[in-house]
Amino acid sequence: GNFSSFNWLHDGSSNWFIANDESYQGEFAVRSGEVGNNEFTTLKIEMNLPYSGELSFRAKTSTQSGDILAFFVNDVQYGSDLMGVSDWAEYSFDIDAGEKVFSWVYKKDQFGSAEEDMVMLDWITFPAGAQPHIDYGDLNQDSNVNVLDIILTVANIIGQLILDEDQMLAADMNSDGVVDVFDVMLIVDAAFQQ
């Protein structure tokens, strides 16, 4: 019922919002914000994908034929534009491993309004192992992996420091769910590469 599970980002003329009057599955779906002619609204999220896999989502459109919903991965459009009036349909794409920014952009053309002038998304499924954007190795979030991050990790391993959730994710360099000496070795390696 809200955007709090992940760090969803909004851009454009208005923010997307959670709708509870219609959904593909469950009680909620996300709906595009209201936009005028030649305006757009974007919903996006940054994710780390340790493995390649399939991303899928369900979309519903109620627009005039020139208005579009487009899906982007790192600013590259995947699939074709969705437009016009359609009931819920599934869209899926093979995504390579790595850091990704997924964006759904609803853009209106300059020719007035028709239908409900909106698009909806639901049931977004990320590839296995996907995690919110993590700066691996950067426990103190200073945009550098260095000796301070190594010290924090070692202090946690020997029981001298309790890491918060974000620090634990950043310290778990090999994504095995445990912060241990293997992660320290990977952080040391990352620090020497900078």
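Residues numbered from 1 in each chain as written. Predicted model: local features only at pLDDT ≥ 70, side-chain atom pairs only at ≥ 80, totals over all residues. Heavy atoms only, no water.

Q: Could you give an account of the nonpolar core, with specific residues and numbers?
A: One recurring pattern in soluble globular proteins: nonpolar side chains tend to sit buried together. Ranked by size, the top nonpolar core spans 23 residues in total, and within it Trp16, Phe57, Leu69, Phe71, Phe102, Trp104 and Leu121 carry the most contacts. Of all elements in the fold, only strand 4 (40-49), strand 5 (53-62), strand 6 (68-73), strand 8 (85-95), strand 9 (98-107) and strand 10 (118-125) reach the threshold of two or more residues within this core. Among the elements that line this core, the one with the most residues is strand 4, at four residues. Counting residues in hydrophobic clusters, the runner-up holds 12 residues, among them Leu139, Val145, Ala170 and Ala191. (Core = buried A, V, L, I, M, F, W, Y, C linked by side-chain atoms within 4.5 Å. Buried < 20%, exposed > 50% of the residue type's maximum accessible area, 1.4 Å probe, protein only. Helix = DSSP H or I, 4+ residues; strand = E, 2+ residues; numbered from the N terminus.)

Q: Provide a residue-level description of the sheet that holds strand 2 (residues 17-19), including the pertinent values.
A: Strands sit in the order 2-3-10-5-8 across an open sheet of five strands; the sheet is antiparallel. Looking at the sheet topology across the chains shown, the edges are occupied by strand 2 and strand 8. Taken over all neighbouring pairs, the strand axes of this sheet differ in orientation by 30° on average, direction set aside. With nine bridges joining them, strand 5 and strand 8 adopt antiparallel strand pairing. Within strand 8, the residue paired with phenylalanine 57 across the bridge is tyrosine 91. (Pairing = 2+ DSSP bridges. Axes fitted to C-alpha atoms, helices over the stretch in contact; angles between N-to-C directions.)

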